[in-house]
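# Topology and contacts: notes
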Amino acid sequence: MLARLTRALPACGRGLWLLALALLLAPLAQAADGPALKIGSKRFTESYILAEIMRATAAPAGPVVHRQGLGNTAIVFEALRAGEIDLYPEYLGTIERELLKHSSAVTPEILRAELAQLGLGLGIRFGFNNGYALAMRASDAERAGIRSIGDLARHPELRLGLSHEFLGRADGWRGLAARYGLPQRPAGLDHGMAYQALQQHKIDLVDIYSTDARIAALGLRLLEDDRQYFPRYDAVVVYRLDVPQKFPAAWQRLQALEGRISDAVMIGMNAAAEIEGHDFPRIAQDFLQPSRKTGAAGAAWRDKLFGADFWRLAGQHVFLVASSVLLATAIGVPLGVAAAQLPRLGKVVLSVVGLLQTVPSLALLAMLIPLLGTIGTLPAVIALLLYALLPIVANTASGLMQLPPGLRQAALALGLARRDRILHIDLPLCAPTIVSGIRTATVINVGTATIAAFIGAGGFGERIATGLALNDSSLLLAGALPAAALALLAQWMFDWLERRVSRWRGEAEVGPGRD
């Protein structure tokens, strides 16, 4: 049995590298089938809906992909510039203040000229304005005599829960507070969760979109922007300048969306998603084909859990975890061997991989996107690989250092070189410890892989991101439960593998005596 393990080990290492490489190249093989028009969206309801309408409109002209919920403005815009997506719905005020950094209003012609210098275009005005606003419970605003943003300066006791993007935007909280002299210190909340906190009286004021369906449903009052701080946020399409040439038929079909969506229509579609529980493809279909409008109720929880996207998301999730853990194993085991053999180097290696564990996952993904010039699978796999290194490196080094010194002395007496001793004796004997580290890395990555959906890498995190945007707890569970089931499946698989490896180790230890 020892001989079998000895022969298998080098081949196993080569196999890990080859399998990981094949997994990473799989998306490229799929892309070779032909170019598809790639539409992006941000992580909030209205952006999902507009992008789905664009997808359904362009679909008869050829392959179209909706890369949904890619994150905030900066991530989606970077994806557009890098060519990861071809176009996405945006707002004039965001382009003006956040992307092109103007401090005052400029004409669309100026915006179009500046975008052209980046290889981008501005077109297809949908027909509605979705501006930023601040909102309170109407009863509280009436009692405190608050009707405008300027009135907030007299109420420093108010608790503000603002979206993280609004807190950081050039046209967001910092400029607003400076313009109005506001003394409050807001807390950062996910936009969807802020409504729930407002409803439960945990906060008093939120930032809101003027076409949000929950304004009337929650009895909110929009505060008047009495100093005209916010620009207009007319909904438009930002696209790469080569799109009309690369996808002429799809681009021509998209022109039909010009001016078709009024404020009232957009509020109705947002309500269909956030209040009635309809999915985005159905909302898009009902808008484009109103005569065939289904009017059906939102999907039941079981339908959300085992929806049509289940196997696609499961495959993406397994791919992210498997490829990252395989690569981490191929890198981490040699690093662990080096750490055990060279104690000074080992301290540095373990410190570095330990430090990587402390970097927040979203921050790491955000740093990798500009470094790699891409979003999606590649940065997600690299981030997961880095998180998987610590348990694999640490367990490999620990297992090797805990081997009895007598084994090394016996190997020296037999004339074995250090490399042969490590491959033929040390690694097989500490295999259970190494497998335990790989198991820990796998379980960690099953959970962490849900974050990858925020940069378009897919997996069950897509449902979690959408559930957060809609404040839909059933959709959150429909993403969280399959991920938890994958983690349990991985645990059981590695429990079985550890028992097998332990049995091989026992046979290896008694084998020479039988000979």
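## Observations regarding a nonpolar patch on the surface
A cluster of nonpolar residues, L342, L345, V348 and V352, forms a patch on the protein surface that exposes about 330 Å² of accessible area. Along the chain, V348 turns up in helix α17 (residues 343-358).

## Regarding the pairing of strand β4 (residues 120-123)
Here β4 shows a buried face lined by L120 and L122 and a second buried face lined by G121 and G123. Summarising the sheet, β4 and strand β10 (residues 235-240) pair through four bridges and their orientation is antiparallel. Across the sheet, L122 pairs through a bridge with V238, a residue of β10.

## Observations concerning the sheet that holds strand β7 (residues 187-189)
Pairing is mixed in the open sheet, where five strands are placed in the order β7-β6-β8-β5-β9. At either margin of the open sheet sits one strand with a lone partner, and together these are β7 and β9 (220-222). Taking the axes of each pair of neighbouring strands and ignoring which way they run, one obtains an average angle of 40° across the sheet. The sheet contact formed by strand β5 (residues 132-137) and β9 spans three bridges and is antiparallel. Opposite M136, over in β9, you have R221 as the bridge partner. In this fold helix α9 (residues 191-199) packs onto β5, β6 (160-163), β7, β8 (205-209) and β9, with an angle of close to 135° to the strand it touches most, β8.

## Comments concerning the pattern of salt bridges
Once the charged atoms of two side chains with opposite charge are near each other, the side chains can pair. In total, this model carries 21 salt bridges according to the counting rule given. As a salt-bridge pair, D190 and R43 come within 3.1 Å of each other at their nearest N and O atoms. Of the two residues, D190 sits in the loop between β7 and α9 while R43 sits in the loop between β1 (37-40) and α2 (45-58), which places them 147 residues apart along the sequence. By relative accessible area, which is 23% here, R43 ends up partly exposed. A salt bridge links E52 to R55; the shortest N-O distance between them is 2.5 Å. Taken together, the residues span about one helical turn, with E52 and R55 both in helix α2 at a distance of three residues. With relative accessibility at 6%, the residue E52 sits in the buried group. Members of the salt-bridge network, linked through shared partners, are R137, D140, R143, R159 and D204.

## Some points on the side chain of R214
Tracing the sequence through the fold places R214 in helix α10 (residues 214-217). With a relative accessible area of 8%, R214 lands in the buried category. A distance of 3.1 Å separates the side chain of R214 from the side chain of E274, its partner in a polar contact.

## Here we look at the side chain of S474
Inspection of the secondary structure puts S474 in helix α24 (residues 473-514). Discounting chain neighbours no more than four positions away, the residues touching S474 are W301 and K304.

## Structural notes on the packing of aromatic side chains
Here the structure, examined in full by the defined rule, presents 13 aromatic pairs. For the ring pair F44 and Y209, a centre distance of 5.1 Å and an interplane angle of 35° mean the geometry is tilted. Residue F44 is located in the loop between β1 and α2, and its partner Y209 is located in strand β8; the two are separated by 165 residues in the primary sequence. Here the aromatic rings of Y132 and Y209 are separated by 5.5 Å at their centres, their planes lie at 40°, and the arrangement is tilted. Within this pair, whereas Y132 is found in strand β5, its partner Y209 is found in strand β8, the two being separated by 77 residues in sequence.

Calculation rules
Residues numbered from 1 in each chain as written. Predicted model: local features only at pLDDT ≥ 70, side-chain atom pairs only at ≥ 80, totals over all residues. Heavy atoms only, no water. Patch = residues over 30% accessible without salt bridge, like charges linked within 9 Å, V, L, I, M, F, W, Y side chains within 5 Å. Areas by Shrake-Rupley, 256 points an atom, 1.4 Å probe, with all protein chains shown as cover. Salt bridge = Lys/Arg side-chain N within 4 Å of Asp/Glu carboxyl O. Helix = DSSP H or I, 4+ residues; strand = E, 2+ residues; numbered from the N terminus. Buried < 20%, exposed > 50% of the residue type's maximum accessible area, 1.4 Å probe, protein only. Pairing = 2+ DSSP bridges. Axes fitted to C-alpha atoms, helices over the stretch in contact; angles between N-to-C directions. Contact = heavy atoms within 4.5 Å. Polar contact = N/O pair within 3.5 Å; in protein donor to acceptor, adjacent residues only side chain to side chain. Phe/Tyr/Trp six-rings, centres within 6.5 Å; stacked < 30°, edge-to-face > 60°.

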